[in-house]
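What follows is each chain in one-letter form.
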Amino acid sequence: MKRRKLDGVLLLDKPVGPSSSAALQAVKRLLNAEKAGHAGTLDPLASGLLPLLFGEATKFAQFGLDAAKEYVADVGLGVSTDTGDAEGAVLERRPVSLVDAELAQVLERFRGELSQVPPMYSALKKGGRPLYELARAGQTVDREPRRITVHELELVSRRDDVLRLRIRCSKGTYVRQLAADIGLALGTVAHLQALRRTAVAGLRLDRSVTPDDLQALGEEARLAWLLPPDGLLEGLPRVELDPAVADRFQQGQAVHPAEAIAKGPCSVYRGQVLLGVGESGEGGLLHPARLIARV
């Protein structure tokens, strides 16, 4: 059967188990879609919001990758593993002894801009090889610390030696490493027991559909879950261009909008029709960055 061209964003509630790529391919087959991608990988152990992009929406994947993400993480204290999560082999066990006041003080230290050393079990490369390959071979190599930002860090609950945390953080943040670092700061060790992503930029989990529920629907009902291609751009400033100016912008020319706009990326429209993403620079000049294909 010939695949069809679909344009839009589908918010999938990925279950624990499949990779992000496998989840994407399953939905792509279900919708018989021609072109698809996703905006931010979730590990097989993780569940939650996975924005799937179809057709013209794939042009805006980077805005999902670069956006802040929100998670609910279960952090198991007293046990560390080689992978930093529940799938790894136990490396160490330590006693756990802390009071609420101490926990609050430690969590405060992990808010804001931080320096984080990426874990060995990550897809970052060293000498052309992913770190996880080196880790599986029993190797440990030096990793450069990276700057990350933890915008929000909230204790949701504590049950015995398991902390449930709500975390809103910048791209590039390894929640497994954050869990391990919090454990050490509390005078023990820790690993990530479970992770659920609840938001990507302005998109939230409560607007998502599970693969099973999508499978159970008819074709028309499945397509109703597609948001417009600008779904990932909700957090960007919006600029509307007059028709003549919009024509020049669509032709790839830099233009002067009627209204002044702040520097940086913005979503650009002719009325209610999305033209693409522009980048505002010096003198208020708006440069095309990613354009929707003209029909």
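Anyway, here's the lowdown on the structure attached to this text. (Residues numbered from 1 in each chain as written. Predicted model: local features only at pLDDT ≥ 70, side-chain atom pairs only at ≥ 80, totals over all residues. Heavy atoms only, no water.)

Concerning the overall build of the protein chain
At step 1: The number of helices and strands found in the protein chain is 8 helices and 17 strands.
At step 2: Buried positions account for 46% of the 295 residues belonging to the protein chain.
At step 3: For the protein chain, the share of sequence-separated contacts (at least 6 apart) that also reach a separation of at least 24 residues comes to 67%.
At step 4: For the protein chain, the accessible surface area stands at approximately 14800 Å², while carbon and sulfur atoms represent 50% of it. (Helix = DSSP H or I, 4+ residues; strand = E, 2+ residues; numbered from the N terminus. Buried < 20%, exposed > 50% of the residue type's maximum accessible area, 1.4 Å probe, protein only. Contact = heavy atoms within 4.5 Å. Areas by Shrake-Rupley, 256 points an atom, 1.4 Å probe, with all protein chains shown as cover.)

What to know about the nonpolar core
At step 1: Core analysis: the largest hydrophobic core is formed by 41 residues, its most contacted members being Leu 10, Phe 54, Ile 167 and Ile 182.
At step 2: Membership of the second largest hydrophobic core comes to 12 residues, among which are Ala 39, Leu 53, Ala 57 and Leu 232. (Core = buried A, V, L, I, M, F, W, Y, C linked by side-chain atoms within 4.5 Å.)

Observations regarding the side chain of Ser 47
At step 1: Mapped onto the elements, Ser 47 comes out in strand S3 (residues 47–54).
At step 2: Owing to a relative accessible area of 9%, Ser 47 belongs among the buried residues under this scheme.

Some points on the pattern of salt bridges
At step 1: Considering all chains together, one arrives at 18 salt bridges under this definition.
At step 2: With a closest N to O distance of 2.6 Å, Glu 152 and Arg 166 form a salt bridge. In this pair, Glu 152 is assigned in strand S10 (residues 146–159) and Arg 166 in strand S11 (residues 162–169), connecting sequence segments 14 residues apart.
At step 3: Glu 152 gets classed as partly exposed once you look at its relative accessible area, which sits at 30%.
At step 4: The network of salt bridges with common partners includes Glu 70, Glu 152, Glu 154, Arg 166 and Arg 204. (Salt bridge = Lys/Arg side-chain N within 4 Å of Asp/Glu carboxyl O.)

Focus on the packing of aromatic side chains
At step 1: Per the counting criterion, the structure on display carries 0 aromatic pairs.
At step 2: Across the ring face of Tyr 269, the terminal group of Arg 238 is positioned such that the distance to the ring centre comes to 3.7 Å. (Phe/Tyr/Trp six-rings, centres within 6.5 Å; stacked < 30°, edge-to-face > 60°. Lys NZ or Arg CZ within 6 Å of the ring centre and 35° of its normal.)

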